[in-house]
Structure formats: C-alpha cells, structure tokens
Amino acid sequence: MLKIGIIGVGTVGTSVCKILEENKDIITARAGVEIKAVSGVVNNLSKKRDVSIKLTDNVDDILNDDSIDIVVELMGGVEKPYDVVKKALEKGKAVVTANKALLAYHRYELQNIAGDTAFEYEAAVAGGIPIINALRDGLSANHIVSIKGIMNGTCNYMLTKMINEGVEYEAILKEAQELGYAEADPTFDVGGFDAAHKLLILASIAYGIDAKPEDILIEGIENISSEDISFAKEFDYSLKLLGIAKMNNEEVELRVHPVLIPNSEMIAKVDGVMNGVSVIGDKVGETMYYGAGAGGDATASAVIANLIDIARAGKSSPMLGFKKPLESGLKLANLDNIQTKYYLRMEVEDKTGVLAKVAAILGAKNISIKTMVQKTSVEGRANLLLSTHRSKELDIKNALEELVQSKVVDNLPTMIRIED
Ligand code: NDP
Ligand code: HSE
C-alpha cells in the first residue's frame, strides 16, 4: 500500500480523497498497489468536511510521519507550500502538487531539491487535461514552435457567460467561486496571473526558460466592458484570455492577455470552464488539448494520475523535461516588437474634427484603421471602437499615449489584441 498525506483538504483535496475511494478498483489495478489517503492538513479543524481521513492542523504531523510515502500539496500560496514541499522532498518523500503559483516562482529550486525523488504537477496546468505529460513526454522530439491556450477556467467561464447570456461581471465571478473554479484570491484568475503561472511552467518544459511572472506581459479581463463584447459579437469574434508562447529565431515571446479571435477558429469554440491548448511542434505540426480546466474532480483526476505514475515507476521523467540545459540558450523576446492587429476603444467628445485627429495620430505611427464603429454614450460624448490592420505593439502604445497627451481622449483607451 502507498500511503498519502494531503496538505490542504479543500475543493481539490476533498475530491482526491473521494476518487481514491470511489475508483479504488481501477486505480489499484493500474498502479499495481493500493493508494490510500491516510491523513490531511487543514487550517480550520472545526469546519465540517466530507472526508473520512484523519485531519490535523499541524503540517509536521505529516512531514514527520515515516509511514507516509507521498505528500500531496493542495493548500495554495507560494512561500508556505514551498517550505512544506522542500521539507517533504528533503525527507525523501515523493511530492505531487496542483500549485502553479508555487511552480511559477520556485520550479527550478524544487527541481534541484527533488533530485531523484519524484515531484509531479500535472494538475497545475489546465486542470484535468494531461498537458504536462503531452508536452514533456509525448512531444519531446520536437522544437516547440508555439503554445496558445485558454488556461484559466474561471475567466473562460466568466467570458462565456458575459458574451452568451449578458451576465454581469460580479455575479458571474461569484458563481465561479461557488463552483470551486476560482483561486482563493480570485484576482489571480481575473488579473491573468494564474494563466501566466501556467504559461511559465509550459515555457520551461517547451523552451527551458526560467522566467518569473514579473518578466512577462500579463493583462487580465477586469476592464472588458459591454461595449467590447458588443463589438466582438458584431464582427464575429470571440473574446478569450489566452496564454501565448511563440519561438522566433532564438527568442521566445511569452504573454497573457485578452484576445479577440475569429469565431471560425477552433479555440474560439472552447467555452465555459473548459480549457483548450494548441501546441505546434516543428515535426508533429499542430496538436490540440481540450478538457475541464478547473473544478475539484477534474483536477483530482490529474493529481491521482501522478500518484499512479509514482506508484508504478517512482520518478520517470525529469521534472521540467530537460536532462541537461539546451545549448542554444533561448532568450525572452522584447514584446514591443510583436506585430498583431488591435481593437481600440476610446471615449471622445462628439464634435467635428475629433475623428480626424484620432486618425491623424494613428496614421502618424503607421497604424491603419480597418473598421470603425461610433456609439453615443451620453449627450456630447461618443465611444469610438476601432480595429486596426497589422501594427507594431510599440507604435500602438505610443499612439495611445499621444491620444491622451493631446487631450483627444480623457483616459487611456482600452486595447485588445486580435489574433487571427
Ligand atoms: P481550497 O481553498 O479549496 O483548499 C485549500 C485547502 O488548504 C483548505 O483545506 C485549507 O484549509 C488548506 N490550507 C490553506 N492554507 C493552509 C495552511 N496555512 N495550513 C494548513 N492548511 C491550509 O483550494 P483548492 O482546493 O481549490 O486549490 C488547492 C490548490 O490546487 C491550489 O494551489 C490551486 O491553485 C490548485 N488548483 C485548484 C484548482 C481548482 O479547480 N480548484 C484546479 C487546479 C489547481 P481550510 O479548509 O481549513 O480552509
Ligand atoms: N483558478 C484556476 C482556473 C483553477 O480557474 O483555471 C485551475 O487551475
């Protein structure tokens, strides 16, 4: 029997306990040994819970229990779980985690500390989708050309409901929290940080890049307005929060931001809590992964897959996919140089000459307007919704600043990149 200690028995931890019991027959047959959750750590021992394992509020009860073979970290956070996981690995216990925030900051240190001890994290990216396994093992013969994905279930659930049913932002965020999709602090979801943590993990496996969240472009969905949603519908776009990694020569672009995508694209059809990730390898071409990106059972499915792997083989793959560093040494790209199409929304005075000024400022920066819609907001004010032809990110940034400085607009216009 393999004995498991679960640190954090909340949404995911409870599902892990439940599935280990409910699917004991198939799990034991696949693992070759029974995998049993024996104890768990929580913050608040008086909370009522639907688990039958022994509970404690002292992490050391698990770390110092020599009968526990594998520690499953499901408490969330960064520094506290780092300390716990480090101690577990130093005691020679295998570790499984679903904690992408922890890995976004400490994955390379933990890889070193783990050494030959198994440390797995399939659930940390895209919930129930086995994307770590696919990228680290299934596609290991390829240079990864790009990764493009919906990696946050909460945002995708919210955007889908806002677009399809017109549900208000606050109400739908509350629903995502009640369904167990959101992080303990949902700013991580709506601010794009959770998707960025996941992208950074994938970027390490694909490119060997040791970047931190502070090093990459992260924009969330907090400023998406009903006007942006109407524009998307009018021009047959879907609105998604994407994590994007692209290799150009020896440089890798890493960015997370809302994107308008034509409805005809496969990824535009990934709705609700589902995640969808496209990975292009130089030899395999495009591969697509689709499935539940959040929720207790879907995430626990990935956690238990790691437990079964460890039961079968101990440590089977290098934690981040590389046995030795890539000789070419890829660098992070300067995002000012990216080129894409843009959607811009700005509030202006509704009077003669304003539109000409906007067009002149954009034109001076080589930004060519493709479509334009004007909507009157209040008397004397108008909302301009523009889309551009392919432009350079730096030119767009400079043009937006100039629009503010020249007082053509009161506030910095909203900008959403268009990927088609
Ligand atoms: P929850 O908030 O539901 O559960 C967290 C658990 O950890 C709770 O039992 C909590 O105790 C316990 N805990 C938190 N801090 C401490 C502490 N300092 N000491 C002891 N116990 C503590 O989170 P989730 O289950 O949703 O998420 C767990 C992890 O899995 C996170 O890293 C999350 O990012 C990740 N994840 C979550 C997914 C999801 O869909 N929910 C999907 C993929 C990954 P108490 O119950 O007493 O509050
Ligand atoms: N809060 C995360 C999400 C959980 O919504 O995607 C899964 O990682």
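So, here's what we can say about the structure. This is a predicted model, so every value here is computed, not measured. (Residues numbered from 1 in each chain as written. Chains lettered and ligands numbered in written order. Predicted model: local features only at pLDDT ≥ 70, side-chain atom pairs only at ≥ 80, totals over all residues. Heavy atoms only, no water.)

### Some details on the sheet that holds strand β5 (residues 94-97)
1) Next: Across the sheet, which stays open at both edges, the six strands sit in the order β3-β2-β1-β4-β5-β6 with parallel pairing between neighbours. Looking at the sheet topology across the chains shown, the edges are occupied by β3 (54-56) and β6 (119-120).
2) Next: The sheet contact formed by β5 and β6 spans two bridges and is parallel. The partner of V95 across the bridge, within β6, is F119. (Pairing = 2+ DSSP bridges. Helix = DSSP H or I, 4+ residues; strand = E, 2+ residues; numbered from the N terminus.)

### Quick look at the environment of R49
1) Next: Counting through the fold element by element, R49 comes out in the loop between β2 (35-41) and β3.
2) Next: It is 8.1 Å that separates the C-alpha atoms of R49 and T14, two residues lying 35 residues apart in sequence.
3) Next: When sequence neighbours within four positions are dropped, the list of residues in contact with R49 reads V9, V42, N44 and L55.
4) Next: There is a polar contact of 3.2 Å between the side chain of R49 and the backbone oxygen of V9. (Contact = heavy atoms within 4.5 Å. Polar contact = N/O pair within 3.5 Å; in protein donor to acceptor, adjacent residues only side chain to side chain.)

### Focus: the site of ligand 1
1) Next: Taken together, 23 residues sit near ligand 1, with V12, N44, R49, E183 and G295 positioned nearest.
2) Next: Contact between ligand 1 and R49: an oxygen atom at 2.8 Å from a side-chain N or O atom of the residue.
3) Next: Between an oxygen atom of ligand 1 and a side-chain N or O atom of K100, the distance comes to 3.2 Å.
4) Next: Taken together, the residues of the shell around ligand 1 sort by class into nine nonpolar, 10 polar and four charged. (Near = heavy atom within 4 Å. Nonpolar A, V, L, I, M, F, W, Y, C, P; charged D, E, K, R; others polar.)

### What to know about the nonpolar core
1) Next: One finds I147 and L254 to be the most contacted residues of the largest nonpolar core, which totals 84 residues.
2) Next: Among the elements that make up this core, the one with the highest residue count is helix α10 (residues 193-207) (10 residues).
3) Next: If we skip the residues at most four places from it in the chain, L254 touches L199, L200, A203, I209, A211, I216, L217, I244, A245, L332 and L335.
4) Next: Of all hydrophobic cores here, the second largest spans 31 residues; its members include L2, I27, A31 and I53. (Core = buried A, V, L, I, M, F, W, Y, C linked by side-chain atoms within 4.5 Å. Buried < 20%, exposed > 50% of the residue type's maximum accessible area, 1.4 Å probe, protein only.)

### Remarks on the pattern of salt bridges
1) Next: Per the counting criterion, the structure on display carries 30 salt bridges.
2) Next: Among the salt bridges present, the one from E253 reaches R255, with a minimum N-O distance of 2.9 Å. Summarising the burial analysis for this pair, E253 and R255 share the class buried. (Salt bridge = Lys/Arg side-chain N within 4 Å of Asp/Glu carboxyl O.)

### With respect to the site of ligand 2
1) Next: Ligand 2 sits among K100, N152, G153, T154, Y181, A182, E183, D189, D194, K198, G293 and A294.
2) Next: In this structure, E183 approaches ligand 2 through a side-chain N or O atom, which is 2.7 Å from a nitrogen atom.
3) Next: Between ligand 2 and the protein, one listed contact pairs a nitrogen atom with a side-chain N or O atom of D189 at 2.7 Å.
4) Next: Put simply, the parts of the chain that give the shell around ligand 2 at least two residues each are α7 (153-165) and α10.
5) Next: The residue makeup of the shell around ligand 2, split by class, is three nonpolar, four polar and five charged.

### Considering the packing of aromatic side chains
1) Next: Tallied over the full model, the rule gives four aromatic pairs.
2) Next: Ring geometry for F231 versus Y343: centroids 4.5 Å apart, planes at 45°, classification tilted. Of this pair, F231 sits in helix α11 (residues 226-234) while Y343 sits in strand β14 (residues 339-349), and the two are 112 residues apart along the sequence.
3) Next: Taken together through their ring pairs, the aromatic side chains of F231, F235 and Y343 make up a single cluster. (Phe/Tyr/Trp six-rings, centres within 6.5 Å; stacked < 30°, edge-to-face > 60°.)

### What about the pairing of β5?
1) Next: Of the two faces of β5, the one holding A94 and V96 and the one holding V95 and T97 are both buried throughout.
2) Next: For strand β4 (residues 70-73) and β5, the ladder comprises four bridges, and the chain directions are parallel. Paired with I70 across the bridge in β5 is A94.
3) Next: Following the chain from β5 across helix α5 (residues 100-114) to the adjacent parallel β6, one finds a crossover that is right-handed. (Right-handed = clockwise from strand over helix to strand, strands pointing away.)

### Quick word on the side chain of N383
1) Next: Looking at the element boundaries, N383 is found in strand β16 (residues 381-388).
2) Next: A residue is classified by how much of its surface remains accessible, and N383, at 8% relative accessible area, is buried.
3) Next: Within polar-contact distance, the side chain of N383 engages the side chain of E227 at 3.3 Å.
4) Next: Not counting chain neighbours up to four residues away, the residues in contact with N383 comprise E227, R345, M346, E347, V373, Q374, K375 and S377.

### Overview of the packing of helix α13 (residues 354-364) against helix α14 (residues 393-405)
1) Next: Running from amino to carboxyl end, α13 crosses α14 at an angle of 145°, the nearest separation of the two axes being 9 Å. The hand of the α13/α14 crossing is right-handed. Along the contact surface, α13 presents V358, I361 and L362, while α14 presents A399, E402 and L403.
2) Next: Taken together, the residues of the contact of α13 with α14 break down into five nonpolar, no polar and one charged. (Axes fitted to C-alpha atoms, helices over the stretch in contact; angles between N-to-C directions. Left-handed = near helix turned anticlockwise from the far one by under 90°.)

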